[in-house]
Amino acid sequence: MEARCNALIFVGILATLASLQNAEPASDLDQRNPGTATLTRLEDAFATDPGNRALARRLAETYLDLERPGLAVAVLRSGDPSIMQDPIIAHRMAQAYEATGRVLDAYATARYAQERCVSTLHQEANAVSTEATESVEPACTRSQLAVLDVHSRVLQTLVAWGVSDPLRDPRTSRAYEAQMRVATVADAEVLARLLH
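Quantities reported herein were computed from a predicted structural model and do not represent experimental measurements.

**Q** Would you mind going over unusual backbone geometry in detail, with residue names and values included?
**A** Backbone geometry at E67 places phi at a positive 60°, although glycine is not the residue there. If you trace the backbone, E67 turns up in the loop between helix 3 (53–65) and helix 4 (69–78). Given a relative accessible area of 34%, E67 falls into the partly exposed group.

**Q** Could you give an account of helix 5 (residues 87–99), naming the residues involved and the relevant values?
**A** For helix 5, spanning 13 residues, the distance from its first C-alpha to its last is 18 Å, which sits close to the expected 18 Å at 1.5 Å a residue. Taking burial as the measure, the 13 residues of helix 5 include twelve buried ones, the bulk of the element. Regarding helix 5, the residues found buried are P87, I88, I89, A90, H91, R92, M93, A94, A96, Y97, E98 and A99. The backbone nitrogen of I88 has a side-chain oxygen 2.8 Å away, supplied by the residue at the start of helix 5, namely D86.

**Q** Before we move on, can you summarise helix 3 with the specific residues and values?
**A** Given a rise of 1.5 Å per residue, 13 residues ought to cover 18 Å, and the 18 Å separating the end C-alpha atoms of helix 3 matches this to within 8%. Within the span of helix 3, buried status applies to L55, A56, L59, A60, Y63 and L64. Buried positions in helix 3, seen along its axis, are confined to an arc of 165° and lie on one side of it. Of the residues in helix 3, the exposed ones pointing more than 90 degrees away from the buried face are A54 and D65. Its side-chain oxygen placed 3.0 Å from the backbone nitrogen of A54, N52 serves as the N-cap of helix 3. Following helix 3 by one or two positions, E67 adopts a phi angle in the positive range, close to 60°.

Conventions and cut-offs
- Residues numbered from 1 in each chain as written.
- Predicted model: local features only at pLDDT ≥ 70, side-chain atom pairs only at ≥ 80, totals over all residues.
- Heavy atoms only, no water.
- Helix = DSSP H or I, 4+ residues; strand = E, 2+ residues; numbered from the N terminus.
- Buried < 20%, exposed > 50% of the residue type's maximum accessible area, 1.4 Å probe, protein only.
- Expected span 1.5 Å × (residues − 1).
- Polar contact = N/O pair within 3.5 Å; in protein donor to acceptor, adjacent residues only side chain to side chain.
- Arc of directions from axis to C-beta.

Okay, structure coming up:
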């Protein structure tokens, strides 16, 4: 089941990459658009509660969906520094850095997101082993860790290749395709071990 979830997440990453490479330039945000009003409410709510991780994540994802990675970077940097302890928020920051051409920052942030995810998984495992009574939603899952791992390895490849504009450089899609093949082979090996 987890292998299927990972495969779906990986397909989503590839679809996102393809849409970013084929996207038309985004127009200015239309104030009459209902989505813009929702965005404004999110911005206002986050401005009054800059430590709210759920709002930070939603706002960053909205900016990334609107192809405004610079705004995603700005809003995450303006928030309380503690929000970056959330691995998925750190991942969104890495994606935003990548989309703005800041490959080294993206790689460093992706590695940080990966490390935070591993750390939270270890903390959750320790809490289960000590029979903690609190039931909280995990900050990071194994499926998310797989996605963070692929993203980190792609960025490592982009840094090694000297890619400075990931959105326009064709080597970006090659790096993602190569890492997706590696991830798929790794998933197949894990599945084979489980079945035998």
